[in-house]
Amino acid sequence: MYKFSRKLPTALFQRSSILLYNIDYGFSFLSCVTAKSFQTDAADVLRKRKFVPPAPPKMAEGSLPTEVRVVVCGGGIVGASVAYHLALLGWGKETLLIEQHTVGGDSPLCASGFVGRYEPTYCELKLTEYSLDLIKELTEKNLPTGWKQVGSLNLARQFDRMTSYQRMKSIGKAWGISCEVWTPEECQAKCPLIDINDIKGGLWIPDDGVCDPHLVCLSLIQEAKRMGVRVIEHCAVKKIVTDSGKVQQIDTTSGKLSCEFFVNCTGFWAREVGTLSTPVVKIPLKSVEHHFLYTKPIEGLNPLTPFVRDFDGGVYFREKDGGIMAGGFEREAKVAYEDTAVPLSQKERELPPDWDHFHELLDELLRRVPALRTASLDRLSNALQAFSPDCKWILGEAPEIENYYVCAGMKTIGVAASGGIGRTLADLIVKGSTYLDLHTLDVNRFLGLHNNRKFLKDRCKEVPGKHYDVCYPFDEYQTGRNLRMSPIYPALKEAGAIFGQTMGYERPSYFDPNDIKDEFGIPRFRMAETRTFHKPAWFDLVASEYTACRERIGLADYSSFTKYDLWSKEREVVDLLQYLCSNDVDVPIGSIIHTGMQNPWGGYENDCSLARLNENHYMMIAPTTQQTRSLAWIRKNMPSHLKASVNVSDVTSMYTAICIMGPYSRVLLSELTDTDLSPKNFPFFTYKELDVGLANGIRTLNITHTGELGYVLYIPNEFALHVYSRIAQAGQKYNIQHAGYYATRALRIEKFYAFWGQDLDTFTTPLECGRSWRVKFNKPIEFIGRSALLKQREEGVKRMYVQLLLNGHDHEVDVWCWGNEPIYRDGKHCGMTTTTGYGYTFKKQVCLGFVRNVDEAGNKLPVTNDFVLSGHYEVEVAGIRFEAKVNLHSPNLPTKFPDKEREAYHATRDKPGQGDLLSYKF
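Definitions and limits used
- Residues numbered from 1 in each chain as written.
- Predicted model: local features only at pLDDT ≥ 70, side-chain atom pairs only at ≥ 80, totals over all residues.
- Heavy atoms only, no water.
- Pairing = 2+ DSSP bridges.
- Helix = DSSP H or I, 4+ residues; strand = E, 2+ residues; numbered from the N terminus.
- Axes fitted to C-alpha atoms, helices over the stretch in contact; angles between N-to-C directions.
- Contact = heavy atoms within 4.5 Å.
- Buried < 20%, exposed > 50% of the residue type's maximum accessible area, 1.4 Å probe, protein only.
- UniProt positions renumbered as here; feature names shortened; annotations may be inferred.
- Phe/Tyr/Trp six-rings, centres within 6.5 Å; stacked < 30°, edge-to-face > 60°.
- Salt bridge = Lys/Arg side-chain N within 4 Å of Asp/Glu carboxyl O.

S.K.: Even after reading the chapter, I still don't get the sheet that holds strand S28 (residues 617–622), so can you show me in this structure?
M.R.: Strands pair in a sheet through their backbones, by hydrogen bonds, and they do so in one of two ways: parallel or antiparallel. The strand order across the open sheet built from 5 strands is S26-S27-S28-S25-S29, with neighbouring strands paired in antiparallel fashion. Unpaired on one side and paired on the other, strand S26 (592–598) and strand S29 (647–650) mark the two borders of the sheet. Taking each pair of neighbouring strands and ignoring which way they run, the sheet shows an average axis angle of 30 degrees. Bridging between S26 and strand S27 (residues 604–614) involves 7 bridges; their strand directions are antiparallel. From the neighbouring strand, Thr 595 faces S27, where its bridge partner is Cys 608. Relative to strand S25 (residues 562–567), helix H16 (residues 627–637) is tilted by about 25 degrees, and along the sheet it contacts S25, S26, S27, S28 and S29.

Encoded structure:
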């Protein structure tokens, strides 16, 4: 790794041999680099770090206004949709769309035109559902769209794929999607083109179809202009100017204009356009090559041939203009324009066809569609598609700049998402909220590391190939690994850790003591993998870890948790947290408060624990995925009079977090510290700073987030390995055992603990999930969301969080619950599961989820305890329904080591008005 200065000494270029300083190994001598070539290479290296927008080939058409309310940058289908929906909301005359080339681009050879309703999450599904309905609406208005409802036929070559189709059918039925699982013969009857010799079956979705994205884009622009939106082509953005953290002005190649909102819909250029502001807006995105094969017209080809996807072969095809258009996703994609700007026009962006790279997909297409062997080739088109690091769309308000909105990473199905995304972004801009929970797609789900150019290059080679993979539980990426690691990572690896990755952090999923070292005796890095919908291979390993946590001592690495310090000189930090949090944070020093941060509608923007370190200093512990999101929420909602006096610092990377849990955890920790850890001196849900071993300053919380007794130690990184070693050594007499994420997850599911991002989201309120006792309505400062929660308390909740224990399910044979299973009450669909897992104490599948009360007309009625408890429940798992017992509160599990502290605390409680069960004197 070489350390370069931006200004290299002139003397270096005057020598034919150059010394470079290597920060790992000292000086190294490069004898074959000439001054001229080195100077050129160095200049290239530095130049590609800065994006300079290319000048449009023509002068802009039309004059640029001096001021508008919204600037939509990008005239592709997403930008057109945003402008159209802003106009629908009455902002047409206050919206300007600028496009560096021509709106809609050229007639596309680079889009499949597929519009399908089925997506992996409810949010994505509703976005595509709206998009499909919008295209139909435009078609009914006689606007050109090229829409044909041909249906989609999804093939399966393996039994796991068929299992996933059975799960999709169950979910689709609950979500109102018509779909059927077919035999190979039924698939061939629908599409005689396909060979079915190796097919196990398929999934037929009749409402899907195809369109012409270019025509849809032009129709949206036409409608937007009719409603007052101004469109200026050949106008490129040069700079986004901010003031006090908000969008203020846009500098373009046609001049400058003031605006309140900026929407980055620039597709392939979104990441680079993000660099045109200060601070830089990080939009992790990379373009890869994607081939489209076109044949000449085939005699007798049915124009209503369905859109066929052979997921296990990685290919798809459809009828287009009398011929076949086909494409696919290689196992490893080719990154395009790695070090240069993407050209403006579509014609310039089309790359030479790479038959060597495409040949594997071609083989699969010829295997599936024998008629292609005799068809005449028209062309093989090589175009670009933009992918995010997790293969999901990117949208929402940027955390760096207020009123700067992003929409990018449309993959190959931009038209399928464009309508819904345009609507949601317009809602966010005009109303401040939208009709869906968007946290799984929010730009705030990323960290700066995800925007690293080399990370994106590696990850986005892998991402397209995952697009057609079976969606196994706990799926892991192979690239971008060993990036964020706690100081105890080497010790955990040596102990047999099998790692999963979350927010770039290597976190042990479970431990396997077998086959730890490679042929050279070095501990191997091993990635967790499930790759089944049935009983996983790690079942017994996790069972052993679970038992250790309940009967002895388990040691888990919690280092990935989000950690903030918040402080002020006076009481300003208390006032801020009282405003942001629904619980009362003004508690005695040393207390821990579990609280939500609600939005104005009462939903969870954050679910966190706060430890009061001293009078004006708190430490916040939040879910790992909240590291960017929470900070953005705090900053956005911090009252202006507190901004100068309250400090918020992200200390996630400063502390290693080790959790020890189990009945002997207090005894073990007592041996390593001089502090009295008795319940009277250090009770449950309190904090102390301890000396542990030879280290000091260990922030210790008497909670485990699993319902088990124990502690989480937040250790300054320089002491982490020492403290870990002392705990591991002293714990040997208690048969201490490492525990991974899967074991702690199983513990919290049995204890009915809800987690943000899995059970809780921006539409879930504390009153719906048994946490009303954590909402303090009578605080001296009115918190965000109080009015909405008071209204909900008066009217009654329309859904309720429950725990379901499956009866009659054989965990050795039957398909497991993995989340998103439909819940039925008295034979009627009433909700979906959220988090699920095997309960090692219950010896049953345990499902957490929400149930609703909907009448025959579809009206949502209040859900009461009596309603929930009076029903007969079933959970449908891959097409099979299992009876289930329902719980409304955290159960007390049978244990060999009863404890009053643990038994007194119920994270989820069935009585909305129930007070805190814990009462300690400090």
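S.K.: Got a minute to help me understand unusual backbone geometry in this structure?
M.R.: Leaving glycine out, the prevailing phi sign among residues is negative, and the prevailing peptide bond configuration is trans. For the peptide bond that leads from Thr 278 to Pro 279, omega is 5 degrees, which places it in the cis range. Although it is not a glycine, Asp 321 adopts a positive phi angle of roughly 55 degrees. Checked against the element boundaries, Asp 321 lands in the loop between strand S17 (315–320) and strand S18 (323–328).

S.K.: Would you mind going over helix H15 (residues 572–580) with me for this structure?
M.R.: Looking only at H15, the buried set comprises Val 573, Val 574, Leu 576, Leu 577, Gln 578 and Leu 580. Its buried side turned inward, H15 meets S25, S26, S27, S28 and H16.

S.K.: In this structure, what is going on with the pairing of strand S20 (residues 394–397)? I would like to understand it.
M.R.: Remember that side chains alternate between the two faces of the sheet whenever the strand is regular. Bridge count between S20 and strand S21 (residues 404–408): 4 bridges; the pairing is antiparallel. Each residue of the ladder has a partner; that of Glu 397, found in S21, is Tyr 405. If you look at the hairpin formed by S20 and S21, you'll find 6 residues sitting between the two strands, and Asn 403 has a positive phi there, around 70 degrees.

S.K.: Teacher, can you tell me more about the UniProt feature "domain: Aminomethyltransferase C-terminal" (unreviewed entry) in the protein chain here?
M.R.: When the UniProt feature table is mapped onto this chain numbering, "domain: Aminomethyltransferase C-terminal" (unreviewed entry) sits at residues 801–886. Secondary structure content for residues 801–886 is 6% helix and 55% strand, while the C-alpha to C-alpha distance between its ends is 10 Å.

S.K.: I tried to follow the packing of aromatic side chains on my own but got confused; where do I start?
M.R.: Note on aromatic pairs: each is described by the distance of the centres and the angle between the planes. One pass over the full model with this rule turns up 36 aromatic pairs. Residues Tyr 510 and Trp 538 carry aromatic rings whose centres are separated by 6.3 Å and whose planes lie at 35 degrees to one another, so their mutual orientation is tilted. Note that Tyr 510 is positioned in strand S23 (residues 505–511) and Trp 538 in the loop between S23 and helix H14 (539–551), a separation of 28 residues in sequence. A relative accessible area of 9% places Tyr 510 in the buried class. Between the aromatic rings of Trp 816 and Tyr 838, the centroid separation amounts to 5.9 Å while the plane-to-plane angle is 25 degrees, which identifies the pairing as stacked. Here Trp 816, found in the loop between strand S35 (799–806) and strand S36 (822–825), pairs with Tyr 838, found in strand S37 (residues 828–839); they are 22 residues apart in sequence, far enough to count as distant. Both residues of the pair, Trp 816 and Tyr 838, count as buried.

S.K.: How should I be thinking about the pattern of salt bridges in this particular structure?
M.R.: Any two side chains of opposite charge can pair, so long as their charged atoms come close to each other. A full pass over the atoms with the stated rule returns 53 salt bridges. A salt bridge links Arg 161 to Asp 312; the nearest nitrogen and oxygen atoms lie 2.9 Å apart. In this pair, Arg 161 sits in helix H5 (residues 159–175) while Asp 312 sits in the loop between strand S16 (307–310) and S17, placing the two residues 151 residues apart along the sequence. The partner of Asp 442 in a salt bridge is Arg 629, with the nearest N and O atoms 3.3 Å apart. Of this pair, Asp 442 sits in the loop between helix H11 (414–430) and helix H12 (453–466) while Arg 629 sits in helix H16, and the two are 187 residues apart along the sequence. Beyond isolated ion pairs, a larger network of salt bridges with shared partners links Arg 157, Asp 198, Asp 310, Glu 364, Arg 367 and Arg 368.

S.K.: In this structure, what is going on with the environment of Val 712? I would like to understand it.
M.R.: Relative to the helices and strands, Val 712 is located in strand S33 (residues 710–716). Taking the relative accessible area as the measure of exposure, Val 712 reaches 1% and is therefore buried. Residues Val 712 and Met 620 lie 92 residues apart in sequence; the distance between their C-alpha atoms is 13 Å. Discounting chain neighbours no more than four positions away, the residues touching Val 712 are Tyr 558, Ala 657, Ile 658, Cys 659, Arg 699, Thr 700, Leu 701, Ile 703, Thr 704 and His 705.

S.K.: Before we go on, may I ask you to explain the UniProt feature "domain: FAD dependent oxidoreductase central" (unreviewed entry) in the protein chain in this structure?
M.R.: Following the UniProt record, one finds the feature "domain: FAD dependent oxidoreductase central" (unreviewed entry) at residues 432–486. Strand forms 0% of residues 432–486 and helix 25%; the C-alpha atoms that close the span are 38 Å apart.

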